[in-house]
Amino acid sequence: MDFKWLLKFACLILCCTFTGTVYAQTTQLRGKILDDDNAPVPGATIKVKGTTNAVSSAADGSFSISYNRPSTLIISFIGYTTKNINVTNETNLVITLAADRQALGEVVVTALGVKREKRNLTYSTQEIKGEQLTQTKEPNLVNAIAGKVSGVQVTSSSGTPGSSSRIVIRGGSSFFGENQPLMVIDGVPVDNSETGNLNSGPGTNRLADIDPSIIDNINVLKGAAATALYGSKGANGVVIITTKNGGLNKKATINVSSDFSFEKPLLPQIQSKYSLGTNGAYFDGENQKTSTSWGALMDTLVINGQPAKKYNQSDLFFRTGHTYNNTVSINGGGAASTYLISYSNLTQDGTVPTTSFKRNTIFAKYGAEILPNLHTTFQLNYANSKNDRMPEGYALESPVWTIFSAPISYDMQPSTNPDGTQRLYRFSRNNPYWVLDNIKNTSSVNRFLPTFTADYKPLKWLTITERFGADVYTEMARYRESTQSVSNPNGRLVDYNNTFRQINNDLIISANKQAGDFNIDVLLGNNIISSYSENTYANGVGLTVPGLYNMSSASSVTYSEASYLQRKVGFYLQSSVDYKRFLVLSLTGRYDGNSVLSTDKNFYPYGSAATSFIFSEFFSDSFKQIMNLGKVRVSYGTVGNDGSIGAYNLSTAYDKQTIRNIAFPYSGQAGFLISNTLANATLKSERINEFEVGFEAGFFNNRISLEASYFNKQTIDGIIPNVAIAPSTGYSATSVNSAKMRNRGIEVLLNATPVKTQDFRWDFTLNFTRIRNKVLAIYQDQKQLSNGFTSIIVDQPYGVIFGTRYARNDQGKLLTDDTGLPFADAEQGIVGNINPDWLGGMNNNIRYKQFSLSFFFDVKQGGDIQNNVDGYGYFYGTPKVTENRGPRVIDGINATTGQPNTVSVNGQAYYQRINGVLESVIQDGSYIKLRNVSIGYSFKPSWLAKTPFKSASVGVTGRNLWIHAPHFTGGDPEVSSFGAANGSQGIYSFSTPTSRSIDFNIKFTL
């Protein structure tokens, strides 16, 4: 070989080696990303061009990245102009990103998971970021929304772990049908039914299965124009839940968070001065038994020569609750794929001993660009939850009832006598400590939520989306009650198994095209959804082998099973035309078919028309520095509510019968007769027609933004079940489409950033809601219907409380009888209204360097509550107000003489009399809550430079730290004790008290 060629080859190798050595040298760069106001930009992407090396800026805008010099850094963030910076030996940089005035504004997720620029929306929607949800430390996702969205009211049912919460958007619109919104996760509807309780009290709303930490954001679609694409499911609004994703060109990141909290119950006001007994006489509860605490004054009572001992029954019974919540997730991605895997474990031990809620969830999401124009996403959410609860409310088995009505002079422990029988101070209720050991209500749920999405772009302006999703869960619930129970002396056992399966498929074709001054968006799609549920229920009484909780041990067993299948198909179209970015017209149409309706009425159309005028486009550039956005929008939509019609409701059923004390089946012979209620085969879905007008404005580059909406929605064709019909038909009742109801309201949302500097930022949010509801018609000339604890009355709000009221004269003065006591009017009437006058929320987020502080006030003005803890307590002598037991003259008019009352009565006679008057326990439920306070600290990245941690933070969060409810004597005026059903609202009745809690948390990223 020629020596010269060898020399050249050797030189080339040396050059390459030297060059490689030079370029292999790396430099560590630390810096900070700021905006035009020198405020930090968190979440900005810093990427080394031509590599997969990329990081995101921290909450304070700081970042750290290594590069091979020389390199080019690409810094990008939504709403800012992308910036390229050449670096060679730089080790520290401060980079300023300029706001992109031409870029799209805030993008939000709308119906069917379609992303739209909020600026161009023609209806009202409000977004909640995932950080705001996890900041509340609420295990139930619905509770995390409370107070944060205008037009939305959230009500808890109980403090028992896993208890349901109710959410209503823009007021109730159906008399007896579903009033809660449709829940959608990543474009797929999911079930939020209340399940799990086999005795008195609330169950669990199934959204409690979802781990809040996987949520990226929630968008609440409020009006008919916003939800028309959902057709017969959109009447009550839609809550759009979007989960988190991994990141392109992102190294694997491990995120870990751990929370631990203490919960103390919020208790009603109970008297602590008088003993068990009556008319001032002491009863010991052993030889003399009674249910009342109208006995002797404890401070002067002597028992066996010793001062009587006081027993604070609530303090002795309730314990400090604990919640543990640990989450770990891994996310990242390559050049064409992203991934996210998350595991969460929640364990909540309630303030009532033996109650708990445990949830384990696994969430996995993988997105991949299979072809340059084909992107797919597969995700699976699995949840396993277990709930142990106690009966609540009126039930004889409810331990909370006995604790709140128990005398302070009686020691309830031990709960059994030496012979093993229950130890009771009264005859008609179980000892609460005996209940803890002998009554159980447990449920276990396994739930799967798989979703597959494929987005194919055959053309730059055309996208075809195929989305398939399912919601499948099984629930096993069991209730057991030992022998010797007061309510079931021979014992009782209940087994309940439920299977739910919902399959959803959407095929969507969407197009976006610029044609001169017009920007046109068109969406065409088809939806198919199938829902199936199956349940079995076995009730066994008389346990032949005490302690053997097997259905074979029951001497008498009744069994039932049921299954329901419903299929729906929908075709929908949406078109939106934007003219020169100042005038937007949007039209929506949907045609639904429902298998549960008659063949001549099972298809029905819905739609909306909306427009917005963005007048700020005509402002001068100088004025846009002051007011950057001004918009007026108007919309009208019609949507449906098919929740009142279930599968097979159009057929008249046969019922099991009892004839002359003979219950069938009898001696192996079944016995059925056709139901007295005639099914109506012509029923159709309820319909909501809604008009909305709104105004939106942004000032100083959205440092201040304002949104105000007025809506007027009317329910027509509302379903009324069991209206009376002529006996000559052979039936007593039927169902009809005849109800009408109206909701009018105002919503206001204000966002402001009063202070924004490099080291300090203060964000402020205020929302306000005022809704006026009115029942317009029921059926023909019918004026009133009962609905659980409330009533439906024409020309009154939906949800008035109707019952016994005080007798009064024409001037409204209280009437008394000859004994000097008030009495009930012979005619019942309206004594309360559960609807609030207005709702409000005020949220503050403050950051100073590494420190953060947030506090959130929630306000409700008006809204009456039936306080049954006081109501029944008036008879027992247990509410705090009954401590005043001296003689008094009731301010009233003697009904016999017409003269002012002069007869003196004692406290026991007075309170036991008003115990029978419902009006006496109706209380104003107004409150101001300091619902949430959170203090946090994020460690400086420089402190973590030599550690494996990329970020770390610690925090303390308090919930329900302060409640001002001047007219309510219970523990928490936000509670409806019997669950989320329409007729269970506005009542406070011996439910497990909600809690005040302190949560300690730590987060770090590896």
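The paragraphs below set out a description of the structure included in this document. (Residues numbered from 1 in each chain as written. Predicted model: local features only at pLDDT ≥ 70, side-chain atom pairs only at ≥ 80, totals over all residues. Heavy atoms only, no water.)

**Brief notes about the overall build of the protein chain**
For step 1, the next point in the chain: Secondary structure assignment for the protein chain yields 10 helices and 60 strands.
For step 2, the next point in the chain: Viewed in the frame of its principal axes, the protein chain has a C-alpha envelope of about 125 × 75 × 65 Å.
For step 3, the next point in the chain: Split into buried and exposed, the 1006 residues of the protein chain put 53% on the buried side.
For step 4, the next point in the chain: Of the contacts made within the protein chain by residues no fewer than 6 positions apart, 68% connect residues no fewer than 24 positions apart.
For step 5, the next point in the chain: Approximately 43,200 Å² of the protein chain is accessible, and the part contributed by carbon and sulfur atoms is 57%. (Helix = DSSP H or I, 4+ residues; strand = E, 2+ residues; numbered from the N terminus. Buried < 20%, exposed > 50% of the residue type's maximum accessible area, 1.4 Å probe, protein only. Contact = heavy atoms within 4.5 Å. Areas by Shrake-Rupley, 256 points an atom, 1.4 Å probe, with all protein chains shown as cover.)

**Points about helix H9 (residues 868-876)**
For step 1, the next point in the chain: Where burial is concerned, most of H9 is hidden: seven out of the nine residues are buried.
For step 2, the next point in the chain: For H9, the complete set of buried residues consists of Asn868, Val869, Asp870, Gly871, Gly873, Tyr874 and Tyr876.
For step 3, the next point in the chain: Turning to H9, the residues buried within the fold contact helix H6 (399-404), strand E52 (864-867), helix H10 (907-914), strand E56 (922-924) and strand E59 (987-988).
For step 4, the next point in the chain: One or two residues past the end of H9 sits Gly877, with phi positive at roughly 80°.

**A short note on the nonpolar core**
A general tendency of soluble globular proteins is for nonpolar side chains to be buried together.
For step 1, the next point in the chain: One finds Phe317, Phe318, Val352 and Phe404 to be the most contacted residues of the largest nonpolar core, which totals 33 residues.
For step 2, the next point in the chain: The set of elements that each furnish at least two residues to this core consists of H6, helix H7 (432-438), strand E29 (462-481), strand E30 (492-515) and H9.
For step 3, the next point in the chain: Dropping the residues within four chain positions of it, Phe317 is found in contact with Thr351, Val352, Pro353, Pro399, Ile403, Pro432, Tyr433 and Leu436.
For step 4, the next point in the chain: Membership of the second largest hydrophobic core comes to 26 residues, among which are Ile128, Val149, Met183 and Ile215. (Core = buried A, V, L, I, M, F, W, Y, C linked by side-chain atoms within 4.5 Å.)

**What to know about the sheet that holds strand E17 (residues 215-221)**
For step 1, the next point in the chain: The sheet built from five strands is open, its strands ordered E10-E17-E18-E13-E14 with mixed pairing. At either margin of the open sheet sits one strand with a lone partner, and together these are strand E10 (125-129) and strand E14 (188-190). The mean angle between the axes of side-by-side strands here comes to 25°, regardless of whether they run parallel or antiparallel. (Pairing = 2+ DSSP bridges. Axes fitted to C-alpha atoms, helices over the stretch in contact; angles between N-to-C directions.)

**Focus: the pattern of salt bridges**
For step 1, the next point in the chain: As enumerated under the stated definition, the model contains 36 salt bridges in all.
For step 2, the next point in the chain: The residue Glu696 makes a salt bridge to Arg633 at a minimum N-O spacing of 2.9 Å. Taken as a pair, Glu696 in strand E41 (residues 686-699) and Arg633 in strand E35 (residues 627-641) lie far apart in primary sequence, 63 residues in all.
For step 3, the next point in the chain: In this structure, Lys813 engages Asp891 in a salt bridge whose closest nitrogen and oxygen atoms are separated by 3.3 Å. Residue Lys813 is found in the loop between strand E47 (800-803) and strand E48 (815-816), and its partner Asp891 is found in the loop between strand E53 (888-889) and strand E54 (893-894); the two are separated by 78 residues along the sequence.
For step 4, the next point in the chain: Classification of Asp891 as exposed rests on a relative accessible area of 57%.
For step 5, the next point in the chain: Put simply, Lys118, Arg170, Lys222, Lys631, Arg633, Glu690, Glu692, Glu696, Glu707 and Glu747 are held in one network by salt bridges that share partners. (Salt bridge = Lys/Arg side-chain N within 4 Å of Asp/Glu carboxyl O.)

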